[in-house]
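So you can see what is in the structure, the chains are spelled out below.
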Amino acid sequence: MRAGAVAGVVLLVFGSVVHVVHLMAAGTAVYEGQPGWLRLYFVSLTVFDPVAAVLLARARRSGVVLAVAVLVTDAAANGWANHVVDTSAGITVGRVGQAVITGLAVAALAWAPAAWRHARRAR
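K.L.:
Would you mind going over the layout of surface pockets in detail, with residue names and values included?
P.N.:
A water-sized probe, rolled over the atoms, reveals where empty space remains. Each pocket or cavity is described by its volume, and for the largest pocket that value is around 470 Å³. Considering the residues around the largest pocket, the lining is formed by 25 residues, among which Val18, His19, Asp74, Asn78 and Ile101 are closest to the centre. Mapped by element, the contributors of at least two residues to the lining of the largest pocket are α1 (3-26), α2 (36-57), α3 (61-85) and α4 (93-122). Considering only residue class, the lining of the largest pocket consists of 13 nonpolar, nine polar and three charged. What the second largest pocket holds in volume is close to 170 Å³. Together, Gly4, Ala7, Gly8, Leu11, Leu12, Leu56, Ala67, Leu71, Leu104, Ala107, Ala108 and Trp111 line the second largest pocket. Those elements that place two or more of their residues in the lining of the second largest pocket are α1, α3 and α4. Tallying contributions element by element places α1 first for the lining of the second largest pocket, with five residues. In the lining of the second largest pocket, the residues fall into 10 nonpolar, two polar and no charged.

This is the structure in structure tokens:
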């Protein structure tokens, strides 16, 4: 597995753990204060993150597409949660995290063409 894919798998597994921990800690009150559609999206990542990680580890093109989709939509969802729902002024922990996720999403977009070519050769 190439370094970019390893990094993607580690990142997605980390994301999976974070969302599972949130669910275990808060139960049905997970992501309280967020709109229902956003809560549903964040909970759905407990499924999509590990599926993308497994597909990436197997060098599947579907893994590249799903990993990029998860990271880009996660950045957008966190942007909404931290800049629209959270009306606090200035820098917050959530906004710093959202900036990191956005950077990772941009990196995934840049990495995707090479990963796509690698997945083709791996078949």
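Moving on from the coordinates now.
K.L.:
Can you lay out the side chain of Arg95 for me, pointing to particular residues and giving the numbers?
P.N.:
Note that Arg95 resides in helix α4. Lacking a salt bridge, the buried Arg95 has Asp86 as its closest oppositely charged neighbour, with an N-O distance of 4.3 Å. Beyond its immediate stretch of four places on either side in the chain, Arg95 contacts Asn82, His83, Asp86, Thr87, Ser88, Ala89 and Gly90.

K.L.:
Can you lay out the environment of Ala89 for me, pointing to particular residues and giving the numbers?
P.N.:
Mapped onto the elements of the fold, Ala89 is located in the loop between α3 and α4. In this structure the C-alpha to C-alpha distance between Ala89 and Thr28, which are 61 residues apart in sequence, comes to 28 Å.

K.L.:
Describe unusual backbone geometry, listing the residues and the values that go with them.
P.N.:
Its identity is not glycine, yet Tyr31 carries a phi of approximately 55°, on the positive side. Its relative accessible area of 15% is what places Tyr31 among the buried residues. Even without being a glycine, Ala59 presents a positive backbone phi close to 55°. With respect to the helices, strands and loops of the structure, Ala59 is situated in the loop between α2 and α3.

K.L.:
Residue-level account of the nonpolar core, with values.
P.N.:
Judged by nonpolar contacts, the single largest core of 25 residues is most densely connected at Leu12, Phe42, Leu56, Val64 and Trp111. The element contributing the most residues to this core is α3, with eight residues. Excluding its chain neighbours within four sequence positions, the residues that come into contact with Leu56 are Met1, Ala5, Gly8, Val9, Leu12, Gly63, Val64, Ala67 and Trp111.

What counts and how
Residues numbered from 1 in each chain as written. Predicted model: local features only at pLDDT ≥ 70, side-chain atom pairs only at ≥ 80, totals over all residues. Heavy atoms only, no water. 1 Å grid on protein atoms, 1.4 Å probe; cavity = no way out; pocket = protein on both sides within 12 Å on 5 of 7 lines; lining within 4 Å. Points joined across faces, edges and corners; volume = space filled by probe spheres on them. Helix = DSSP H or I, 4+ residues; strand = E, 2+ residues; numbered from the N terminus. Nonpolar A, V, L, I, M, F, W, Y, C, P; charged D, E, K, R; others polar. Buried < 20%, exposed > 50% of the residue type's maximum accessible area, 1.4 Å probe, protein only. Lys, Arg positive; Asp, Glu negative; His and termini not counted. Salt bridge = Lys/Arg side-chain N within 4 Å of Asp/Glu carboxyl O. Contact = heavy atoms within 4.5 Å. Core = buried A, V, L, I, M, F, W, Y, C linked by side-chain atoms within 4.5 Å.

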